[in-house]
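Architecture and fold: a report
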Amino acid sequence: MTGEVERRLRVLYWTEGFSPYTGGTEVLGATLLAGLRERGHEFTVVTSHGELDLPDRDDHEGVPVHRFPFHTAVTARDPRLMLGILKRLDGIVHDVRPDLTHVNAVGASLMFHLESSAAQIPWAFTPHAPLEGQRTGPDTILGRALH
């Protein structure tokens, strides 16, 4: 439209799984990022290692990808590992200075998002999981995210 200036955003895309995984969430994420990057938006991905031995820092078609052992830290109940993850996340938020975080997850990474400095900036939440039967009270991680 004439006279309108499109604002380009720096987006932190927070997802449980990302390339090289190829499930629905991963394909949707890669497609969404490609389309929005064509419009000039910048992305940085925060994701998990999943089951593969993947590097902590990677690149996907020019997009920085940061992987974390979210599930391992939670299942091991390792406070030192959890604090290390939060410190690294806060460093990424500080360096990237995102305008928005798009949280595309209902897993261990969601807890880390809620505890990190990324939760202090505007964020959108796509659960990508059926919510029926899930506990969504104010004392649950999912309930806090929905609130």
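Residues numbered from 1 in each chain as written. Predicted model: local features only at pLDDT ≥ 70, side-chain atom pairs only at ≥ 80, totals over all residues. Heavy atoms only, no water.

In space, the 6 strands of this open sheet follow the order 3-4-2-1-5-6, with mixed pairing throughout. The sheet terminates laterally at strand 3 (57-60) and strand 6 (123-125), the two strands that pair on one side only. The average angle at which neighbouring strand axes cross in this sheet is 20 degrees, direction not considered. Across 3 bridges, strand 5 (residues 100-104) lies against strand 6 in parallel orientation. When the bridges of strand 6 are listed, Val103 appears paired with Phe125. (Pairing = 2+ DSSP bridges. Helix = DSSP H or I, 4+ residues; strand = E, 2+ residues; numbered from the N terminus. Axes fitted to C-alpha atoms, helices over the stretch in contact; angles between N-to-C directions.)

Throughout the structure, instances matching the rule amount to 3 salt bridges. Residue Asp99 is joined to Arg7 by a salt bridge in which the shortest nitrogen-to-oxygen separation is 3.2 Å. Of this pair, Asp99 sits in the loop between helix 3 (79-96) and strand 5 while Arg7 sits in the segment before strand 1 (10-15), and the two are 92 residues apart along the sequence. Exposure remark for Arg7: the relative accessible area of 55% places this residue in the exposed category. One salt bridge connects Arg67 with Asp58, and the closest N-O pair in it is separated by 3.2 Å. We classify Arg67 as buried; its relative accessible area is 2%. (Salt bridge = Lys/Arg side-chain N within 4 Å of Asp/Glu carboxyl O. Buried < 20%, exposed > 50% of the residue type's maximum accessible area, 1.4 Å probe, protein only.)

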